[in-house]
Amino acid sequence: MLYIVGMGLGDGRGVTVRGLDAVRRCARVYMEAHAALLALGVDDDPSSRLAKLEKLYGKEVIVAGREMVAEEDCGDRILREAAGADVAFLVVGHPFGSDEPSSETTHTDLALRAKKLGVGVKVIDSASVLNAVGACGLQLHRYGEAITVPFFTETCKRDHFYQAIVNNRWLGLHTLCLLDIHVKGPVSECLCRGNKAYEPPRFMTVNTAISQLLEVLEMRGEPEPAYDEDSLCIGVARLGSDDEKIVAGPMGKLVDLDFGPPPHCLVIVGETTLVEEEMLEFYMVK
């Protein structure tokens, strides 16, 4: 059996009791590198936090790079083991409610390949950013399509997400903006020389996201934009952690606010109910 286990948010303690039971009875436990980066951090000693995670779970945890999971020759190792024993694959958040679309696709592909090989798959869910964002006070059923804001580069500034914001605003709905995370992005110059080298991990901040969103307005030059510097937004950092930070205010004010370490996300507020407005007052920037 292949168990795809959601770890919840924050650190490894976000796993459910059902998930923890499954992990403890598995013969082998894997955690994708993207999940490891979020759960173990990048600024402190990851090996120390991994040891604490292994102590909590009572199992050795193998950090599997994206290549191991996504590439057929490597991913088959996990599936071969799952064909003869119980194997757990740990995912931060919900297994299929990831804050990074490429991870969500990878997890779905792994489950699909397992089913094709006749390997049983059991998904054990947990909290994800898609439901935990309710902590900011906006009602979950009043959100529209979620978007991902990618990092801009000098040669590529994608604004494909803009129309989704337009649609949500027209319907009076809130927009959850998931912010780009680069994990083991290849260095193009090295790839050209036939070498594998990777850039250090990067997390998009609320500040960068707002700056890019405002830059999109300049690029498009529309007479009636979907948002502007006065639009009410909510910046969220480390959602689900003990030190989570939630601040509401106009884009123009939040762009310069220090939200601390990652991960971050952003909400563009649509039409609000009286209850939502009361809740937002608790988080309004001073």
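Remember, predicted model here, so these are calculated numbers, not experimental data. (Residues numbered from 1 in each chain as written. Predicted model: local features only at pLDDT ≥ 70, side-chain atom pairs only at ≥ 80, totals over all residues. Heavy atoms only, no water.)

(A) A negative patch on the surface, seen in detail. A contiguous patch of negative charge, built from Glu218, Asp228, Glu229 and Asp230, is present on the exposed surface. Structurally, the position occupied by aspartate 230 is in the loop between helix H10 (206–220) and strand E10 (232–237). Residue classification places aspartate 230 among the exposed positions, given a relative accessible area of 66%. (Patch = residues over 30% accessible without salt bridge, like charges linked within 9 Å, V, L, I, M, F, W, Y side chains within 5 Å. Areas by Shrake-Rupley, 256 points an atom, 1.4 Å probe, with all protein chains shown as cover. Salt bridge = Lys/Arg side-chain N within 4 Å of Asp/Glu carboxyl O. Lys, Arg positive; Asp, Glu negative; His and termini not counted. Charge placed at Lys NZ, Arg CZ, Asp CG, Glu CD. Helix = DSSP H or I, 4+ residues; strand = E, 2+ residues; numbered from the N terminus. Buried < 20%, exposed > 50% of the residue type's maximum accessible area, 1.4 Å probe, protein only.)

(B) Summary view of unusual backbone geometry. Cis geometry marks the peptide bond from proline 262 to proline 263, where omega comes out at 0°. Here proline 263 is to be found in the loop between helix H11 (251–254) and strand E12 (264–268). Positive phi, close to 55°, is recorded for arginine 238, a residue that is not glycine.

(C) Layout of the pairing of strand E7 (residues 175–179). With five of five residues buried, E7 is to be regarded as a mostly interior element. Judged by which residues are buried, E7 turns out to be covered on both faces: Thr175, Cys177 and Leu179 on one side and Leu176 and Leu178 on the other are all buried. Relative to E7, strand E6 (residues 147–149) runs parallel, the two sharing three bridges. When the bridges of E7 are listed, threonine 148 appears paired with leucine 178. Taking the sense of rotation as the criterion, the β-α-β connection linking E6, helix H8 (residues 162–170) and E7 turns out right-handed. The sheet contact formed by E7 and E12 spans four bridges and is antiparallel. Note that in E12 the partner of cysteine 177 across the bridge is leucine 266. (Pairing = 2+ DSSP bridges. Right-handed = clockwise from strand over helix to strand, strands pointing away.)

(D) Local environment of the sheet that holds E12. One open sheet accounts for five strands, arranged E6-E7-E12-E10-E11; its pairing is mixed. Strands at the two margins of the open sheet, each flanked by one partner only, are E6 and strand E11 (245–250). If you compare each strand with its neighbour and ignore which way they point, the axes differ by 25° on average. Pairing analysis gives five bridges linking E10 to E12, with the strands arranged antiparallel. Across the sheet, the residue bridging to isoleucine 234 is valine 267, located in E12. (Axes fitted to C-alpha atoms, helices over the stretch in contact; angles between N-to-C directions.)

(E) Summary view of the nonpolar core. With 29 residues, the main nonpolar core has Ile165, Ile210, Leu213, Tyr227, Met251 and Leu266 as its most contacted residues. Those elements that place two or more of their residues in this core are E6, H8, E7, H10, E10, H11 and E12. It is H10 that provides the largest number of residues to this core, a total of seven residues. Not counting the four nearest positions on each side in its chain, methionine 251 is found in contact with Ile210, Leu213, Leu214, Tyr227, Asp228, Glu229, Ser231, Cys233 and Ile268. With 22 residues, the next largest nonpolar core counts Val5, Ala22, Val29 and Ala88 among its residues. (Core = buried A, V, L, I, M, F, W, Y, C linked by side-chain atoms within 4.5 Å. Contact = heavy atoms within 4.5 Å.)

(F) Highlighting the UniProt feature "binding site: S-adenosyl-L-methionine" (unreviewed entry) in the chain. In the UniProt entry, the feature "binding site: S-adenosyl-L-methionine" (unreviewed entry) is given for Leu9, Gly97, Ser128, Val129, Leu179, Leu239 and His264. On the secondary structure map, leucine 9 appears in the loop between strand E1 (2–6) and helix H1 (17–25). Those residues in contact with leucine 9 that lie beyond four places of it in its chain are Gly14, Gly93, Ala127, Ser128, Val129, Ala132, Leu239 and Gly240. Within the secondary structure, leucine 179 is located in strand E7. Excluding anything up to four places from it in sequence, leucine 179 contacts Val149, Met204, Thr205, Val206, Ala209, His264 and Cys265. (UniProt positions renumbered as here; feature names shortened; annotations may be inferred.)

(G) Broad picture of H1. All buried positions along H1 are accounted for by Gly19, Leu20, Ala22 and Val23. Taken around the axis of H1, the buried residues stretch over an arc of 160°, which confines them to a single face. Facing away from the buried side of H1, by more than 90 degrees, are the exposed residues Val17 and Arg25. (Arc of directions from axis to C-beta.)

(H) Up close: the packing of aromatic side chains. Within the structure shown, the criterion is met by one aromatic pair. Arginine 202 extends its terminal NZ or CZ atom over the ring of phenylalanine 151, reaching a point 4.2 Å from the ring centre. (Phe/Tyr/Trp six-rings, centres within 6.5 Å; stacked < 30°, edge-to-face > 60°. Lys NZ or Arg CZ within 6 Å of the ring centre and 35° of its normal.)

(I) Examining the environment of valine 216 more closely. Tracing the chain through its elements places valine 216 in helix H10. In sequence terms valine 216 and tyrosine 162 are 54 residues apart; their C-alpha atoms lie 8.1 Å from each other. When near neighbours in sequence (up to four residues on either side) are disregarded, valine 216 contacts Phe152, Asp159, Phe161, Tyr162 and Tyr227.

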